Amino acid sequence: MSRVAGRTDWAEEEDDNDVQLPAQQITKNKDGTETIITYRIGDDGKKYKTTRRIKKTVIKQVVNPRVAERKAWAKFGQEKGKAAGPQTDTVSVAENIHFRPVANWKASTEDKGEDEKKQMELKNAKIKCRICSGDHFTTKCPFKDTMAPEGDVAPADMPDDAPGGAQGGLGTGAGGYVPPHLRGRGGAGEKMGGKFDRDDSATLRVTNVSEMAEEQDLRDMFSRHGHVTRVFLAKDRETGRAKGFAFVSYADRDDAAKACEKMDGFGFGHLILRVEFAKKA
DNA sequence: AATGAGCGA
């Protein structure tokens, strides 16, 4: 009794009763895996040795490039002139929250950026303006209002007695211009009220999409619930910056309904997706 | 908060 009374370290006493166990051993294997050997005493009082072989996955922390860029800014406003980093008197730093990052989240954007650039260059190399020979479409030419395509004579300037089709000008080609009302399926009258006649009955509108997400990311996520026929990620035409919403179409409306239920509230990147059926069928 | 294109070469 008195022997115990003076003691404060009860945990140590507990240890004294235990059989001494060998320390955990970790061995690194050539193939990148690790073997971990641990020892424990089971409920039955027997000594157990556990051998586990694990593969470590490196999770690269993803920082939004725009956020990273802001971090390099010089301080301004009331914090102007202060040293870099958070000031403890004005800023409290929250713990780093890892928010359910998805498996296929793009860890690096650099390499794919170059890929895309090359694709664009290839595409652009093929097009040649018929007016100024620039690398844009004729309709995009800055001179399209003031100049006619090379080798053509503007109709207004064409004399009435000009030989028809001699220069292969506008309106003389067999497969030339097709008026809007004759385009598309058979050219019947406008039945659909909307501008676009796509079928949106199995289309979901996805909002609160991280601006770092790409169409392929969405396709990957939504494909597990059915056959995705189309993914449209809204972007600004000039800047290419994602607008934060997208449309995902399924071949089957039932799949769309299931996906809608499953994916609404799904954590993607650092945001929670909102998914509902698209309006304007 | 937010409902999408470009047609060609």
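Higher on the page you've got the structure.
Residues numbered from 1 in each chain as written. Chains lettered and ligands numbered in written order. Predicted model: local features only at pLDDT ≥ 70, side-chain atom pairs only at ≥ 80, totals over all residues. Heavy atoms only, no water.

Some thoughts on the overall build of chain A
Okay, step 1: For chain A, the helix and strand inventory stands at six helices and nine strands.
Okay, step 2: The long-range share in chain A, meaning contacts at least 24 apart out of those at least 6 apart in sequence, stands at 44%.
Okay, step 3: Looking at chain A as shown, the accessible area adds up to about 22,400 Å², and 52% of this sits on carbon and sulfur atoms. (Helix = DSSP H or I, 4+ residues; strand = E, 2+ residues; numbered from the N terminus. Contact = heavy atoms within 4.5 Å. Areas by Shrake-Rupley, 256 points an atom, 1.4 Å probe, with all protein chains shown as cover.)

Some details on the sheet that holds strand β1 (residues 25–28)
Okay, step 1: Read across the sheet, three strands follow the order β1-β2-β3 without closing on themselves; strand pairing throughout is antiparallel. Taken across any chain shown, the strands that pair with only one partner, and hence form the sheet edges, are β1 and β3 (47–55). Strand after strand, the sheet turns through a mean of 15° between neighbouring axes, direction not considered. (Pairing = 2+ DSSP bridges. Axes fitted to C-alpha atoms, helices over the stretch in contact; angles between N-to-C directions.)

Description of the protein's contact with DNA strand B
Okay, step 1: If you check the shell around DNA strand B, you find 19 residues, and the closest are K128, T138, T139, D200 and R230.
Okay, step 2: The protein-proximal atoms of DNA strand B, defined as those within 4 Å of the protein, are 26% sugar or phosphate.
Okay, step 3: Measuring from a base oxygen of DNA strand B, one finds a side-chain N or O atom of R205 at 3.5 Å.
Okay, step 4: N208 places a polar main-chain atom, nitrogen or oxygen, 3.5 Å from a base nitrogen of DNA strand B.
Okay, step 5: Those elements that provide at least two residues to the surface near DNA strand B are β4 (203–207), β5 (228–235) and β6 (242–250).
Okay, step 6: Looking at which element gives the most residues to the surface near DNA strand B, the answer is β6, with three residues.
Okay, step 7: For the surface near DNA strand B, the class distribution of residues is six nonpolar, four polar and nine charged. (Near = heavy atom within 4 Å. Polar contact = N/O pair within 3.5 Å; in protein donor to acceptor, adjacent residues only side chain to side chain. Nonpolar A, V, L, I, M, F, W, Y, C, P; charged D, E, K, R; others polar.)

As for the nonpolar core
Okay, step 1: Among the nonpolar cores identified, the biggest contains 21 residues, and L204, V206, L218, F222, Y250, L273 and V275 are the most heavily contacted of them.
Okay, step 2: When contributions to this core are tallied by element, the ones reaching two or more residues are β4, α5 (215–223), β5, β6 and α6 (253–263).
Okay, step 3: For this core, the leading source of residues is α6, giving four residues. (Core = buried A, V, L, I, M, F, W, Y, C linked by side-chain atoms within 4.5 Å. Buried < 20%, exposed > 50% of the residue type's maximum accessible area, 1.4 Å probe, protein only.)

Examining the environment of F277
Okay, step 1: Inspection of the secondary structure assignment puts F277 in strand β9 (residues 274–277).
Okay, step 2: Note: C-alpha distance between F277 and A202 (75 residues apart in sequence) is 7.5 Å.
Okay, step 3: Beyond its immediate chain neighbours, meaning those up to four positions away, F277 contacts S201, A202, T203, L204, R205, R253, A256, A257 and C260.

Topic: the environment of R241
Okay, step 1: Here R241 shows up in the loop between β5 and β6.
Okay, step 2: On a C-alpha basis, the gap between R241 and M212 in space is 8.8 Å, while along the polypeptide they are 29 residues apart.

Focus: the sheet that holds β9
Okay, step 1: Here four strands make up an open sheet; going across it, the order is β5-β6-β4-β9 and the pairing antiparallel. Two strands in the sheet have a free side with no partner beyond their single neighbour: β5 and β9. Put simply, the sheet's adjacent strands are angled 20° from each other on average, direction ignored.
Okay, step 2: As defined by bridge partners, β4 adjoins β9 across four bridges and the pair is classed as antiparallel. Counted as the bridge partner of R205 is E276 from β9.
Okay, step 3: Running at roughly 140° to β5, α5 makes contact with β4, β5, β6 and β9 of the sheet.

Observations concerning the pattern of salt bridges
Working definition: two side chains of opposite charge can pair if their charged atoms are close together.
Okay, step 1: In this structure the tally under the stated criterion is seven salt bridges.
Okay, step 2: Here E276 ties to R205 by a salt bridge, and the two come within 2.6 Å at their closest N and O atoms. Here E276 is found in strand β9, whereas its partner R205 is found in strand β4, with 71 residues between them in sequence.
Okay, step 3: Relative accessible area serves as the criterion here: at 22%, E276 is assigned to the partly exposed category. (Salt bridge = Lys/Arg side-chain N within 4 Å of Asp/Glu carboxyl O.)

Remarks on α5
Okay, step 1: Buried within α5 are the following residues: D217, L218, M221 and F222. For α5, the angular spread of buried residues about the axis comes to 115°, placing them on one side. (Arc of directions from axis to C-beta.)

Considering the packing of aromatic side chains
Okay, step 1: Using the criterion set out here, one finds two aromatic pairs in the structure.
Okay, step 2: Where W73 meets F76, the ring centres are 6.4 Å apart and the plane angle is 50°; that geometry is what we call tilted.
Okay, step 3: Under the relative-accessibility criterion, W73 is labelled partly exposed at 48%.
Okay, step 4: With a centroid separation of 6.0 Å and an interplanar angle of 90°, the aromatic rings of F245 and F247 are classed as edge-to-face.
Okay, step 5: In this structure F245 comes out as partly exposed when scored by relative accessible area, which is 27%.
Okay, step 6: Residue F247 is classed as partly exposed on the basis of its relative accessible area, which comes to 22%.
Okay, step 7: A cation sits over an aromatic face here: R253 above F277, 4.5 Å from the ring centre. (Phe/Tyr/Trp six-rings, centres within 6.5 Å; stacked < 30°, edge-to-face > 60°. Lys NZ or Arg CZ within 6 Å of the ring centre and 35° of its normal.)

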